[in-house]
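Architecture and fold: a report
Okay, here's what each chain looks like letter by letter:
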Amino acid sequence: MEKFRDIENKLLKRERLSFDDALRMYYEMPVQKLGVLANNIKQNLHGKRVFFNRNIHVETSNICVNKCKFCSFYRDSVCKDSWEYSIPEIIEKIQQNYKSGITEVHIVGSLHPTRGIDFFTELFKQIKIKWSNLHIKAFTAVEIEHIAMLSGLSISNCIDELKSVGLDSVAGGGAEIFDENIRKQICPEKTASSDWLNIHRKLHNKNITSNCTMLYGHIESYENRVDHMNRLRTLQDETGGFNCFIPLKYKYANNKLGLKKEVSLSEDLKNYAIARLFLDNIKHLKAYWPMMGKESSLLALNFGANDMDGTIYDSTKIYSMAGAQDTKPTISKTEMEQLIINEGFIPIERDSLFNPL
Ligand code: V47
């Protein structure tokens, strides 16, 4: 198409796309064309290889001092469906899954009113004593800020303490949408965008890599999405510390944002493709299947995604509580491999830092 020749030429020459290029792609480029372009770039980077890992999520508590409007997960401590797992309970959950060959435990939760650095340093110590090779990917930047505040530590000292007891990498949540005006409407109490970015900068400077996310499909505009990815791309130019980008589709059930529908699958695929094309310095793009569903995640592999996250073993509730199809997300290694093969790709089991195993 003549109309997009300039963008195609840039991609052919591996030149960076501008903010306006990305906006034009969102507003004007047909999704099929986006798929072809994103696939070419992905093919050059990864060939037919699609990554996954064997992991579980441990959501330590859903009792949260924040009340983000889009969140279906948080509860007050008095609610009968609130939980706060003790250290022995968490260890038991890992124990139950360790025999399935997990290489990673992904630990996130809420902003718990009282659990500070002591709880988590003890937890990490106990995990590493039992399973020294198990990768601990834990917390969002928002949780790190909260734990530091509760414990009277600077962000920098808090990260140092967590690293010294086994924190290996950090999850990408809490980024939501960086635009300050939208952020005020969907999560007014949350870590400011500049602070979220600064915490990741600090992590990267201390050789702790992390992921990054974008919550899309609520009240944000295309301009807000491009601005969000642009802020991530700028930080990645500086530090190179992001392992992967994960677009998270807003699910509307059981939360206070008050929206009654979700964006279409075609919009999801468009978003994946533009992320692959715009974020030229983040190598991995994750189709997080507990959020999107297996079928749609497999489709996203044809629109720039190259990673399926992990086996999960029914250990996350964030998305089922927000209305995701899979109420008990779990998949065996063999099933994961078969799904990827059936889609025409080559499954590669990876570690948490994206090294093939
Ligand atoms: O920050 C919360 C999102 C995130 C809803 O790093 C919602 O590998 C949609 O970040 N609809 C937490 N999304 C999960 C997360 C994550 C997940 C998987 C892998 C990784 C990784 C990170 O979940 C929150 C928020 O953006 N979220 N509520 C909702 N109703």
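What this report covers is the structure whose coordinates are included nearby.

Here the focus is the site of the ligand. In the vicinity of the ligand, 23 residues are found, and the nearest of them are Phe70, Lys137, Gly174, Glu176 and Lys286. For the ligand, an oxygen atom lies 2.8 Å from a polar atom in the backbone of Gly172. Side-chain polar atom of Glu176 to an oxygen atom of the ligand: 2.5 Å apart, as the coordinates give it. Coverage of the ligand by the protein chains reaches 95% of its 620 Å² of free accessible surface. Of all the secondary structure elements, the ones that give two or more residues to the shell around the ligand are strand S5 (210-216) and strand S6 (242-249). Broken down by class, the residue content of the shell around the ligand amounts to ten nonpolar, eight polar and five charged.

Applying the stated criterion to the full structure yields eleven aromatic pairs. Between Phe51 and Phe354, the aromatic rings sit 6.4 Å apart at their centres with planes inclined by 80 degrees, giving edge-to-face as the arrangement. Taken together, the residues Phe51 in strand S1 (residues 49-53) and Phe354 in the segment after strand S9 (346-349) connect sequence positions 303 residues apart. Phe354 carries the same exposure label as Phe51, and that label is buried. The structure contains a cluster of three or more aromatic residues connected by ring pairs, namely Phe119, Phe120, Phe124 and Phe139. The ring of Trp83 carries the charged tip of Lys317 above its face, separated from the ring centre by 4.9 Å. Across the ring face of Phe354, the terminal group of Arg350 is positioned such that the distance to the ring centre comes to 4.0 Å.

So, on to helix H4 (residues 87-98). One full turn of an α-helix is made of 3.6 residues, so residues set three or four places apart face in the same direction. The end-to-end C-alpha distance of H4 is 16 Å, a good match for the 16 Å that twelve residues give at a rise of 1.5 Å each. Among the residues of H4, Ile87, Ile90, Ile91, Ile94 and Asn97 are the ones counted as buried. One side of H4 carries all its buried residues, which in axial view fall inside an arc of 130 degrees.

What counts as what
- Residues numbered from 1 in each chain as written.
- Predicted model: local features only at pLDDT ≥ 70, side-chain atom pairs only at ≥ 80, totals over all residues.
- Heavy atoms only, no water.
- Near = heavy atom within 4 Å.
- Polar contact = N/O pair within 3.5 Å; in protein donor to acceptor, adjacent residues only side chain to side chain.
- Areas by Shrake-Rupley, 256 points an atom, 1.4 Å probe, with all protein chains shown as cover.
- Helix = DSSP H or I, 4+ residues; strand = E, 2+ residues; numbered from the N terminus.
- Nonpolar A, V, L, I, M, F, W, Y, C, P; charged D, E, K, R; others polar.
- Phe/Tyr/Trp six-rings, centres within 6.5 Å; stacked < 30°, edge-to-face > 60°.
- Buried < 20%, exposed > 50% of the residue type's maximum accessible area, 1.4 Å probe, protein only.
- Lys NZ or Arg CZ within 6 Å of the ring centre and 35° of its normal.
- Expected span 1.5 Å × (residues − 1).
- Arc of directions from axis to C-beta.

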